[in-house]
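Tertiary structure, described
Below are the chains, spelled out letter by letter.
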Amino acid sequence: MPTKKGPVKGGFDIDLLLPFQITQLSTRLAAQARRIIARHGHLTLPQWRIIRIVAAGVARNSTAVRKSTGIDKGQFSKTVNALVAQGYILTLPNEGDQRQFEIALTAKGQAAHDRLAPELDARQRHLMAALTPEQRAVIFPAIHALAEAADTIDFLETSSTED
């Protein structure tokens, strides 16, 4: 994953830039997941994420599913429409909020989940096995702490709209 060892132009080591390293890792993990998913048909990674969240019972409400998957609103809408058109999911009215909808898997969506989930669960075990017990103990708290830190820019001393 490192790009270049030692200081680079500007006097710093790009390997030490945390956001850069996280982006590189995210890109590699997404590519790995896409390769696994492609072995089983034509689902995209965002489509799989929606199916997985609904099948796992994490969420059914459109907003909760979107937030759980990390998909932006525009892509989420297109992805849901494609899943409906391909027969993987149904969308149902949300009784409490007309701006939202509920998502349910069809038999085809459940079958896709049942085919893919074991391989992606094996992938999860493979990734966790790459870590020492000490690393496994801190990785999720560290990810959550970084996610929380990424939600603010309060650390900046001055506010500026110039770039």
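Everything below is about the structure shown above.
Attention in this report is confined to the structure presented alongside it.

Quick notes on the rules
- Residues numbered from 1 in each chain as written.
- Predicted model: local features only at pLDDT ≥ 70, side-chain atom pairs only at ≥ 80, totals over all residues.
- Heavy atoms only, no water.
- Helix = DSSP H or I, 4+ residues; strand = E, 2+ residues; numbered from the N terminus.
- Buried < 20%, exposed > 50% of the residue type's maximum accessible area, 1.4 Å probe, protein only.
- Contact = heavy atoms within 4.5 Å.
- Areas by Shrake-Rupley, 256 points an atom, 1.4 Å probe, with all protein chains shown as cover.
- Salt bridge = Lys/Arg side-chain N within 4 Å of Asp/Glu carboxyl O.
- Phe/Tyr/Trp six-rings, centres within 6.5 Å; stacked < 30°, edge-to-face > 60°.
- Lys NZ or Arg CZ within 6 Å of the ring centre and 35° of its normal.
- 1 Å grid on protein atoms, 1.4 Å probe; cavity = no way out; pocket = protein on both sides within 12 Å on 5 of 7 lines; lining within 4 Å.
- Points joined across faces, edges and corners; volume = space filled by probe spheres on them.
- Nonpolar A, V, L, I, M, F, W, Y, C, P; charged D, E, K, R; others polar.
- Lys, Arg positive; Asp, Glu negative; His and termini not counted.
- Core = buried A, V, L, I, M, F, W, Y, C linked by side-chain atoms within 4.5 Å.
- Axes fitted to C-alpha atoms, helices over the stretch in contact; angles between N-to-C directions.
- Parallel < 35°, antiparallel > 145°, perpendicular 65-115°, else oblique.
- Expected span 1.5 Å × (residues − 1).
- Arc of directions from axis to C-beta.

1. Points about the overall build of the chain
Scanning the chain from N- to C-terminus turns up six helices and two strands. Taken from N to C terminus, the helices and strands of the chain fall in the order α-α-α-α-β-β-α-α. Taking all 163 residues of the chain together, the buried fraction comes to 28%. Look at the contacts in the chain between residues 6 or more apart in sequence, and 48% of them connect residues 24 or more apart. Accessible surface computed for the chain: about 11,300 Å², of which carbon and sulfur atoms make up 58%.

2. Re the pattern of salt bridges
Applying the stated rule across the entire model yields four salt bridges. Close ionic contact of R39 with E119 constitutes a salt bridge, the shortest N to O distance being 3.5 Å. Here R39, found in the loop between α1 (18-38) and α2 (45-55), pairs with E119, found in helix α5 (residues 107-129); they are 80 residues apart in sequence, far enough to count as distant. In this structure, R52 and D121 form a salt bridge, with 2.3 Å as the shortest nitrogen-oxygen distance. Residue R52 is located in helix α2, and its partner D121 is located in helix α5; the two are separated by 69 residues in the primary sequence.

3. With respect to the packing of aromatic side chains
Aromatic ring pairs are reported here in terms of the distance separating the ring centres and the angle at which the planes meet. Under the definition given, this model contains zero aromatic pairs. Its guanidinium or amino end placed over the ring of Y88, K108 lies 4.6 Å from that ring's centre, counting from NZ or CZ.

4. With respect to the layout of surface pockets
Computed from the structure, the largest pocket encloses a volume of approximately 1,700 Å³. As for the largest pocket, its lining consists of 39 residues, and the residues nearest its centre are L25, L29, Q124, F140 and I143. At the level of elements, α1, α2, α3 (62-69), α5 and α6 (133-149) are the ones that each hand at least two residues to the lining of the largest pocket. Taken together, the residues that form the lining of the largest pocket break down as 26 nonpolar, eight polar and five charged. In terms of lining residues, the second largest pocket is bounded by S62, T63, R66, K73, F76, S77, V80, N81, R99, Q100 and F101. Sorting the residues of the lining of the second largest pocket by element identifies α3 and α4 (73-85) as the ones contributing at least two each. The biggest single contributor to the lining of the second largest pocket is α4, with five residues. Its residues assigned to classes, the lining of the second largest pocket comprises three nonpolar, five polar and three charged.

5. So, the side chain of R66
Looking at the secondary structure, you find R66 in helix α3. Although buried, R66 forms no salt bridge, and the nearest oppositely charged side chain, D72, lies 7.6 Å from it.

6. Concerning the nonpolar core
Counting 25 residues, the largest nonpolar core has L43, W48, I50, V65 and I103 as its most contacted members. Those elements that provide at least two residues to this core are α1, α2, α4, β2 (101-105) and α5. Ignoring sequence-local partners within four residues, the contact set of W48 consists of I37, A112, H113, L116, A117 and L120.

7. Points about the packing of α5 against α6
Contact pair α5 / α6: the axes reach a minimum separation of 10 Å and the direction vectors enclose 115 degrees. With respect to each other, α5 and α6 are oriented roughly perpendicular. On the side of α5, the interface is formed by Q124, M128 and A129, while α6 contributes R136, I139 and F140. In terms of residue class, the contact of α5 with α6 is made up of four nonpolar, one polar and one charged.

8. Remarks on α1
An α-helical turn contains 3.6 residues, so any two residues separated by three or four positions project in the same direction. For α1, spanning 21 residues, the distance from its first C-alpha to its last is 30 Å, which sits close to the expected 30 Å at 1.5 Å a residue. Among the residues making up α1, those that are buried are Q21, A30, Q32, A33, I36 and I37. All buried residues of α1 fall inside an arc of 165 degrees around its axis, so they share one side. Among the exposed residues of α1, those pointing more than 90 degrees away from its buried face are R35 and A38. Turning to α1, the residues buried within the fold contact α2 and α5.

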